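Survey of secondary and tertiary structure
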Amino acid sequence: MAHTIQAYTYHAAMFCAPCGATLPEIDPEGNDRTPVYSWHLSEFFYFDDHIGVIFPQCDKCGQFIGARFSIEARTWRQKKYGNTYYSLRITGQGLDLVVPMSYGHGTLTFRHRAATELGLNWGALSHDQRREMFPVTEYAVPRKRDLHQLATEAGR
Ligand SMILES: [Zn+2]
């Protein structure tokens, strides 16, 4: 695991890595600047029943900190009608989620669906944040059954 600093915290404030790196090691109130590594980052995430996942934001620049969900998208084109379907596997921050076959295609569709599944407010994310938070890898698969299956379906 790369020992990359994801963020810095003082007493109650949190800063993204670039902003935090410019701040003093001890703040005016005497609090130490503490680095946050990737394996600690999920401790700063919250889940709210109504809002969904809440990510920490940098107190200086407002950027969401460290929220990364890799999307593996599989697409399947139904030749007879020319329709394209997709399925997703969303992983990151201890999460591993499958979105079974749905109609549609395209990176924007995948990202929007992932955000919706995670309970994130899509409209509140900038284009850059959407791109950074949801790196997408896409594979076209030859058969419908090559799409991601829910564990319960695969086990039948
Ligand atoms: Zn920042």
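Up top is the structure.
A brief structural summary.

**Here's the deal with the sheet that holds strand 8 (residues 95-103)**
- Taking strand neighbours across the sheet as the criterion, the four strands line up as 8-7-6-9 in an open arrangement whose pairing is mixed. Bordering the open sheet on either side are strand 8 and strand 9 (136-140), each of which pairs with just one other strand. With strand direction ignored, the average angle separating the axes of adjacent strands in the sheet is 15°.
- Here strand 6 (residues 70-78) runs beside strand 9; their pairing, made up of five bridges, is parallel. When the bridges of strand 9 are listed, alanine 73 appears paired with glutamate 138.
- Helix-sheet contacts for helix 3 (residues 107-117) involve strand 6, strand 7 (83-92), strand 8 and strand 9, and the interaxial angle to strand 7 is about 50°.

**A closer look at the sheet that holds strand 3 (residues 34-37)**
- Pairing within the open sheet is antiparallel, and its three strands lie in the order 2-1-3. Each end of this open sheet is capped by a strand with a single partner; those strands are strand 2 (14-16) and strand 3. Ignoring strand direction, the axes of neighbouring strands in this sheet form an average angle of 35°.
- As defined by bridge partners, strand 1 (residues 5-9) adjoins strand 3 across four bridges and the pair is classed as antiparallel. By the bridge assignment for strand 3, isoleucine 5 is matched with tyrosine 37.

**A look at the nonpolar core**
- With 23 residues, the main nonpolar core has Ala7, Phe69, Ile71, Leu88, Ile90, Phe110 and Ala114 as its most contacted residues.
- For this core, the secondary-structure elements that each account for two or more residues are strand 1, strand 2, strand 6, strand 7 and helix 3.
- Formed jointly, this core draws a minimum of three residues from each of two domains, domain 1 (5-54) and domain 2 (70-154).
- Leave out the neighbours within four places in its chain, and phenylalanine 110 touches Ile71, Ala73, Tyr86, Leu88 and Val136.

**Focus: the environment of tyrosine 139**
- Tracing the backbone shows tyrosine 139 in strand 9.
- With 53 residues separating them in the primary sequence, tyrosine 139 and tyrosine 86 have C-alpha atoms 9.6 Å apart.

**A closer look at helix 3**
- Looking only at helix 3, the buried set comprises Phe110, Arg111, Arg113, Ala114 and Ala115.
- Here the buried face of helix 3 lies against strand 6, strand 7, strand 8, helix 4 (127-133) and strand 9.

What counts as what
- Residues numbered from 1 in each chain as written.
- Predicted model: local features only at pLDDT ≥ 70, side-chain atom pairs only at ≥ 80, totals over all residues.
- Pairing = 2+ DSSP bridges.
- Helix = DSSP H or I, 4+ residues; strand = E, 2+ residues; numbered from the N terminus.
- Axes fitted to C-alpha atoms, helices over the stretch in contact; angles between N-to-C directions.
- Contact = placed C-beta atoms within 7 Å.
- Core = buried A, V, L, I, M, F, W, Y, C linked by C-beta atoms within 7 Å.
- Buried ≥ 20, exposed ≤ 12 C-beta atoms within 10 Å, placed from the backbone.
- Domains from an automatic or database assignment.

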